[in-house]
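Residues per chain, in single letters:
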2 protein chains.
Amino acid sequence: MPRLAFYYEFASPYSYLSAARIEQVAKDRRVTIEWRPFLLGPIFRRQGYESSPFLENQRKCAYMWRDVARSAANLGLPWTKPRIFPANSLLASRIAYAGRKEQWIGAFSRAVFHMAFALDEDISKPELMVALLRELDLDAEKTLRTAETTEVKIGVRAAVAEAESLGVFGAPTFITEKGELFWGNDRLDEALDASFVRIG
Amino acid sequence: MPRLAFYYEFASPYSYLSAARIEQVAKDRRVTIEWRPFLLGPIFRRQGYESSPFLENQRKCAYMWRDVARSAANLGLPWTKPRIFPANSLLASRIAYAGRKEQWIGAFSRAVFHMAFALDEDISKPELMVALLRELDLDAEKTLRTAETTEVKIGVRAAVAEAESLGVFGAPTFITEKGELFWGNDRLDEALDASFVRIG
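Cut-off values and rules
- Residues numbered from 1 in each chain as written.
- Chains lettered and ligands numbered in written order.
- Predicted model: local features only at pLDDT ≥ 70, side-chain atom pairs only at ≥ 80, totals over all residues.
- Heavy atoms only, no water.
- Helix = DSSP H or I, 4+ residues; strand = E, 2+ residues; numbered from the N terminus.
- Rg over C-alpha atoms; globule rule 2.2 N^0.38 Å.
- Buried < 20%, exposed > 50% of the residue type's maximum accessible area, 1.4 Å probe, protein only.
- Contact = heavy atoms within 4.5 Å.
- Areas by Shrake-Rupley, 256 points an atom, 1.4 Å probe, with all protein chains shown as cover.
- Lys, Arg positive; Asp, Glu negative; His and termini not counted.
- Charge placed at Lys NZ, Arg CZ, Asp CG, Glu CD.
- Pairing = 2+ DSSP bridges.
- Axes fitted to C-alpha atoms, helices over the stretch in contact; angles between N-to-C directions.
- Salt bridge = Lys/Arg side-chain N within 4 Å of Asp/Glu carboxyl O.

As a further point, take the overall build of chain A. The helix and strand inventory of chain A stands at ten helices and four strands. Its helices and strands taken in sequence order, chain A reads β-α-α-β-α-α-α-α-α-α-α-β-β-α from the N to the C terminus. Over its C-alpha trace chain A gives a radius of gyration of 16 Å, about what one expects of a compact globule, namely 16 Å for 200 residues. Dimensions along the principal axes, computed over C-alpha positions, put chain A at roughly 50 × 40 × 35 Å. Across the 200 residues that make up chain A, the buried fraction comes to 51%. When contacts within chain A are restricted to residue pairs at least 6 apart in sequence, long-range pairs at least 24 apart make up 72% of them. Summing over all exposed atoms, chain A offers an accessible surface of approximately 9800 Å²; the carbon and sulfur share of this is 50%. Charge separation in chain A, taken as the distance between the mean sites of 27 positive and 26 negative side-chain charges, equals 2 Å.

And the structure:
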């Protein structure tokens, strides 16, 4: 099956919109998703932003919140505008990075996004992550310990550097096996189309 | 018929993608388009940008050119990456503003965009505008003189201020009669859907 790399950031509302449905739409098209959690913060800072670029432009930011709410409604997804934006997604990203090749990565990632953007919970809280991992029938303490190892911490940094080297500047981003990059929830379908190995 | 205001800037590649098809798709849905030419330059400058925000982020800019080329291909539209970006669209915008309520506004706007993004012609040249107006069977000299009147010059400035006051921060932007704003060529269909007066 063709593969599509899905670069997502837990603080990104548009990543939520893609994460919630990507496995289903990819399955329908027989494309395998590689979950690639990363952090936008370091990339934005290197681009010269203090925080999310959305916060630098008041009009654009106001529009973004309206647009995400409408898009969530169109996709039938629950939505609550978060009180704190952008969220501190470091811990959740480390757990996701540690589990990126595990069976539970999709369910875990969707659950974190649901906490952040449907329930407006603070995903930086370790106790929330513990509760969430337990609900997935995982060894929560062990998973948290793994997430805080030097190996995983360095791994997340490497994932950010790798994303940046591939041209990623925002989230969600989809990259096909041929290296074609698509940015934004609006490009998920196009990215899946481009993932197919065309014969003849 | 419900109306949809279409804010466009001749230097904007994504405005080209919308302008090329908006009258046809609007007709199919029985929505009337109000052509609202404006300038992004003054808005970008007030936002703190020196030029187009695209030029401030190398990765995003590289992606934008790739994305526009793909989107044009998907829509069956000719595309040439312009050698000069952003183009000086002042003269074309003044002509469009002067003719914004005329029968020829759609044909004129499409022709300017075609010059800019299919043929990579310099749309700031008065002789190009003259040729283009003549092809539309208009009195080119008279139209140019009108476009350079103080009334039109001030009118374009007022159009920019009006767009800004409505929350416009980029192009294309679509605003429904109820004041709902949609940004980007990707939102044209959604904007048309939202234009319908829903009864009951």
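Now for the sheet that holds strand β3 (residues 173-176) of chain A. Two orientations exist for strands paired in a sheet by backbone hydrogen bonds: parallel and antiparallel. Residues and elements named next belong to chain A. The four strands are arranged β2-β1-β3-β4 in an open sheet whose pairing can be described as mixed. Unpaired on one side and paired on the other, β2 (32-37) and β4 (181-183) mark the two borders of the sheet. Neighbour-to-neighbour, the strand axes of the sheet open up by a mean angle of 20°, direction not taken into account. Where strand β1 (residues 3-8) lies against β2, six bridges are found, and the strand directions are parallel. Among the inter-strand pairings, Ala5 is bridged to a residue of β2, identified as Glu34. Sitting on the sheet, helix α10 (residues 188-195) is in contact with β1, β2, β3 and β4, with an inclination near 10° to β3.

As a further point, take the pattern of salt bridges. For the structure on display, the rule yields 38 salt bridges over all chains. Where A:Arg36 meets A:Glu34, a salt bridge forms, and the shortest distance between an N and an O atom there is 2.3 Å. The structure contains a network of salt bridges with shared partners spanning A:Arg66, A:Asp67, A:Arg70, A:Asp186, B:Glu180, B:Arg187 and B:Glu190.

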